Every structure is written in structure tokens, then in C-alpha cells.
Amino acid sequence: LIGADRNRIYVEGAGIGAEVALAVAALDERVAAVAAYAPGMTDFNFMTRWNKDFMTPIYESARSAGISENWMRNTLSYFNVSYFTARIKCPVLLGTGLQDEIVSPRLSFASFSKIPEDTVKEYYLFPDYGHSAPLEWESVKRNFYKKHCR
């Protein structure tokens, strides 16, 4: 973008968008900070066992296209955002709702635990919220960016 301040490039997302934001922060050194709420693609096989109701229509659709559950599990287990998080150097903010029925908080913790120790990182838990971020998340992000970014 013309006129954009390259020292203030922030990426953020929720759910699948959180996974993409973490991967972008790992792969692009221009990212100044990242905020991710409920990233889940860290253990696809666990996710499929933990959230069978969520996966059932996905498996049914795959079967109708001639794709087996086993093939899908093996293929998608390759896409694990925690493989990327070990490369992140910018400040990281992660949030999780403990009532999340789509993405187990365990999966968000897996991404967070792989972020290097010398990287600024903060984790916020929202005990009464699920997969959708609470309104408070917006102020948490804003304060994080102000505190940790150039």
C-alpha cells in the first residue's frame, strides 16, 4: 500500500483466520505484531475426535466426493500451525474462550507453547466465552499493540 507505515503492519484473525495470521507472522518479518483468537489447526486428528458434531457434515461431504475420512485426516494433519509458531519473532497475543465447542483450548495452547521464549507473548483466557471472541477482545488487542509496537 502506498503510504503504509511498514513498521506498523499488524495481522490478526479468529478461528481459521487466527491460524493464517500466525503463519503470516512466522513467514514475513515485516509483521510488527500478531493477534490470534482461537487458532485450532494444531492437531487435526485430536480435533476430529474431540468435535465429532462439527466434523460429521464435513466427512459426509467428503464421502460424497469420494474422499475417505482416513485420507482427509492424514492430509489435513499436515497443516499444523504450530509448525510455524516456532519461527515467530514479533509480539504475539493469543486469546481463547474456555467454552469453545469448535476448537478445544488445548489446540490454542499448543500453538502458544511453541512460540520462542524470547518472543513477547501474552495469552488471554475468557472463561465464559466460546469460539466467538468477546467484545473485550478488541480493547485487549488495542492495548497490546500500543504496549508492544514501535
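Conventions used here
Residues numbered from 1 in each chain as written. Predicted model: local features only at pLDDT ≥ 70, side-chain atom pairs only at ≥ 80, totals over all residues. Heavy atoms only, no water. Core = buried A, V, L, I, M, F, W, Y, C linked by side-chain atoms within 4.5 Å. Buried < 20%, exposed > 50% of the residue type's maximum accessible area, 1.4 Å probe, protein only. Helix = DSSP H or I, 4+ residues; strand = E, 2+ residues; numbered from the N terminus. Contact = heavy atoms within 4.5 Å. Pairing = 2+ DSSP bridges. Axes fitted to C-alpha atoms, helices over the stretch in contact; angles between N-to-C directions. Phe/Tyr/Trp six-rings, centres within 6.5 Å; stacked < 30°, edge-to-face > 60°. Lys NZ or Arg CZ within 6 Å of the ring centre and 35° of its normal.

Asker: Sorry if this is basic, but what is going on with the nonpolar core here?
Answerer: Inside soluble globular proteins, nonpolar side chains tend to come together where they are buried. With 17 residues, the main nonpolar core has Leu-22, Ala-25, Val-34, Ile-88, Val-92 and Leu-94 as its most contacted residues. Elements that contribute at least two residues to this core include exactly α1 (16–27), β2 (31–37) and β3 (92–97). In terms of residue count, the dominant contributor to this core is α1 (5 residues). What Ile-88 contacts, discounting residues up to four positions off in sequence, is Leu-22, Ala-25, Ala-26, Pro-116 and Thr-119. Of all hydrophobic cores here, the second largest spans 11 residues; its members include Ala-33, Ala-35, Val-140 and Cys-149.

Asker: Sorry if this is basic, but what is going on with the sheet that holds β3 here?
Answerer: Either a parallel or an antiparallel arrangement is found when strands of a sheet pair, and the pairing is made through backbone hydrogen bonds. With parallel pairing, the 4 strands of this open sheet are ordered in space as β1-β2-β3-β4. Edge positions in the open sheet fall to β1 (9–14) and β4 (121–126), since each of these has one partner strand only. Recorded for the sheet is a direction-independent mean angle of 10° between the axes of neighbouring strands. For β3 and β4, the ladder comprises 6 bridges, and the chain directions are parallel.

Asker: Looking at this structure, I do not really get the packing of aromatic side chains. What am I missing?
Answerer: Two descriptors summarise a pair of aromatic rings, namely the distance from one centre to the other and the angle between the planes of the rings. With the rule as written, the count across this model stands at 7 aromatic pairs. With 6.1 Å between their ring centres and 85° between their planes, Phe-126 and Trp-137 make a pair best called edge-to-face. Within this pair, whereas Phe-126 is found in strand β4, its partner Trp-137 is found in helix α7 (residues 136–148), the two being separated by 11 residues in sequence. As far as the burial class goes, Phe-126 and Trp-137 line up, both buried. Counting every residue linked through ring pairs, the aromatic cluster contains Tyr-10, Phe-144 and Tyr-145. A cation over an aromatic ring shows up here: Lys-121 above the ring of Phe-112, its NZ or CZ 4.9 Å from the ring centre.

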